[in-house]
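One-letter residues, chain by chain:
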Amino acid sequence: MGPGPINADPRVLRAMSAQLLGQYDPAMTSYMTETMGFYRDVFKTSNEQTLLIDGTSRAGIEAALVSMIEPGDRVLVPIFGRFGHLLREIAERCGAEVHVIEREWGTVFTPEEIERAIRTTRPKILAVVHGDTSTTMAQPLDELGAICNEYDVIFYTDVTASLAGNTFEADAWGLDAVTAGLQKCLAGPSGSAPATFSPRAVDLINSRKSIEAGIRSADDEVTSSPIRSNYFDLAMIFDYWGPKRLNHHTEATTMLYGARECARLLVDEGIDSAVERHRMHGGAMHEGLRGLGLSVFGDESHRMNNVTAVYIPETVSGDAVRAELLDDFGIEIGTSFGPLHGKVWRIGTMGYNARKDTVLTTLSALEQVLRRAGAAPTAGGGVGAAYDFYADEARDAAAADAEAEADLDAAGAALAAGVPA
Ligand SMILES: Cc1ncc(COP(=O)(O)O)c(C=O)c1O
């Protein structure tokens with residue numbers, strides 16, 4: 001129940017125990033094509049170039065940035081937590097001239113603040129984290145696409161921690177490049193980075209295409225500014241996943257099985273339903289923690305659905321409580337980084353663990369461990385508040401169902417009476 005990785009869905013684990021296939025086996029290439037389709041649904045995009053990058057989420061970030069940044073390019077990175085610093089670090093290593101704006105941890109930027117920075121720095125790329133796991137805040141992105149469009153800026157985001165647990169719409173929000181990971185709301189292991197690239201990003205990346213010697217054909221162009229990584233050269237990786245089936249790396253077969261199953265699970269459930277599940281169980285955890293008498297960290301109106309940061313009571317040792325939860329109950333909750341280290345725990349409700357039983361068990365165990373550590377949590381307050389939250393949710397859902405049914409009945413009656421609805 002930490003900020004990820006979390007327990008994988010058993011269906012994902014089962015898929016990952018299947019026998020290996022070579023990457024040109026027709027079954028394997030059809031899995032690759034199918035996986036691209038599933039992730040188009042997950043990212044809410046029609047981008048042709050929607051694929052997996054082998055490696056953890058950081059591999060996805062590096063592949064996107066190294067393939068789009070040419071040394072000397074200006075990149076703007078709004079930083080509101082640890083993973084914004086990571087984007088800056090990677091962009092700098094790609095040779096970018098990086099400009100940053102920073103926000104206190106626990107807050108996010110307004111679109112106006114980002115637009116102002118774009119106006120003054122005129123970057124080629126805006127690179128911003130969607131959900132920064134280190135602070136549990138979700139940066140609103142829905143207005144940034146139009147701003148990037150106006151200033152001709154390539155818009156990249158890292159959705160490792162937020163995808164499938166929070167509303168995200170790659171195309172409707174005007175994203176050019178998006179990268180993720182499996183180990184949070186996607187209910188899989190780390191090791192594969194789903195990613196998607198708009199036609200504009202693809203044109204930029206393909207303008208730097210340089211197919212390696214040995215597999216290059218006579219009519220393949222050789223550019224003067226090749227992408228500065230071979231492994232993360234997206235121009236070659238696009239051709240590897242596309243009809244050309246260019247020979248690049250040996251696909252990580254088992255990870256592909258896992259990533260495909262993560263997406264299949266989400267498509268079966270419905271992406272909006274998965275987000276709603278995270279909202280509900282994250283909300284119950286949030287209320288339960290407050291019901292125990294704990295205080296939640298950060299700007300409440302920009303909280304991610306799937307992870308809550310909560311202040312550690314001053315009288316207890318955060319690490320000792322975490323150790324006892326793990327030793328006695330088998331429940332892991334997260335520590336935190338940088339300015340929040342030692343101040344907050346991060347408690348996740350994500351992927352396979354975004355469930356009522358995990359929420360109630362965690363709250364119940366935390367109450368006992370806190371009391372043994374000398375704190376005075378409200379007796380029964382955590383589980384009680386979560387139960388109340390679930391009851392309110394059930395009441396709201398029943399009222400919405402009744403309203404929808406009444407609308408349907410009224411439309412049926414109007415139709416029978418020959419009145420246009
Ligand atoms: C928002 C975000 N970005 C990037 C990463 C890095 O991911 P990985 O450890 O899979 O490389 C993480 C990991 O927690 C993350 O939360």
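Named according to an unreviewed UniProt entry, the protein chain is Alanine--glyoxylate aminotransferase family protein originating from Subtercola vilae. According to the UniProt record, the Sequence similarities (unreviewed entry) comment for the protein chain is "Belongs to the class-V pyridoxal-phosphate-dependent aminotransferase family." In its Cofactor (unreviewed entry) section, UniProt records this for the protein chain: "pyridoxal 5'-phosphate".

> How should I be thinking about the UniProt feature "binding site: substrate" (unreviewed entry) in the protein chain in this particular structure?
What UniProt calls "binding site: substrate" (unreviewed entry) maps, in this numbering, to Arg 346. Within the element layout of this structure, Arg 346 appears in strand E11 (residues 344-348). Classification of Arg 346 as buried rests on a count of 23 C-beta atoms within 10 Å. Apart from residues no more than four positions distant in its own chain, Arg 346 is found in contact with Gly 2, Pro 3, Thr 136, Val 307, Ala 309, Gly 334 and Ser 336.

> Explain the pairing of strand E10 (residues 307-311) to me, please; I cannot follow it from the model alone.
Within E10, 4 of the 5 residues are buried, which leaves it mostly tucked inside the rest of the structure. Pairing of E10 with E11, which is carried by 5 bridges, proceeds in the antiparallel orientation. For Ala 309, the partnering residue across the bridge sits in E11 and is Arg 346.

> Mind showing me how you'd approach the nonpolar core here?
In a soluble, globular protein the nonpolar side chains are often hidden away together inside. Grouped together as the largest cluster of nonpolar side chains are 125 residues, with contacts concentrated most on Leu 65, Met 68, Ala 91, Leu 126 and Ala 127. Per-element accounting of this core gives the leading share, 8 residues, to helix H9 (residues 253-269). Residue-level mapping places this core at the junction of two domains, with at least three residues from each of domain 1 (10-268) and domain 2 (271-393). Apart from residues lying up to four places away in sequence, Ala 127 is in contact with Leu 65, Val 75, Val 77, Leu 87, Ala 91 and Tyr 156.

> Would you mind going over unusual backbone geometry with me for this structure?
Note: most peptide bonds trans; most residues except glycine with negative phi. Of the consecutive residues Gly 4 and Pro 5, the connecting peptide bond is found in the cis state with omega at 10°. Relative to the elements of secondary structure, Pro 5 occurs in the segment before helix H1 (10-15). Backbone geometry places Thr 136, a non-glycine residue, at a positive phi of 70°. Given 33 C-beta atoms within a 10 Å radius, Thr 136 is considered buried. Positioned with a positive phi, Arg 245 is a non-glycine residue whose angle comes to about 50°. Within the secondary structure layout, Arg 245 lies in the loop between helix H8 (234-241) and H9. A tally of 13 C-beta atoms within 10 Å means that Arg 245 is categorised as partly exposed.

> Even after reading the chapter, I still don't get the UniProt feature "modified residue: N6-(pyridoxal phosphate)lysine" (unreviewed entry) in the protein chain, so can you show me in this structure?
Following the UniProt record, one finds the feature "modified residue: N6-(pyridoxal phosphate)lysine" (unreviewed entry) at Lys 184. Structurally, Lys 184 can be placed in the loop between strand E8 (177-179) and strand E9 (192-197). The class of Lys 184 is buried, set by 30 C-beta atoms lying within 10 Å.

The rules we used
- Residues numbered from 1 in each chain as written.
- Predicted model: local features only at pLDDT ≥ 70, side-chain atom pairs only at ≥ 80, totals over all residues.
- UniProt positions renumbered as here; feature names shortened; annotations may be inferred.
- Helix = DSSP H or I, 4+ residues; strand = E, 2+ residues; numbered from the N terminus.
- Buried ≥ 20, exposed ≤ 12 C-beta atoms within 10 Å, placed from the backbone.
- Contact = placed C-beta atoms within 7 Å.
- Pairing = 2+ DSSP bridges.
- Core = buried A, V, L, I, M, F, W, Y, C linked by C-beta atoms within 7 Å.
- Domains from an automatic or database assignment.

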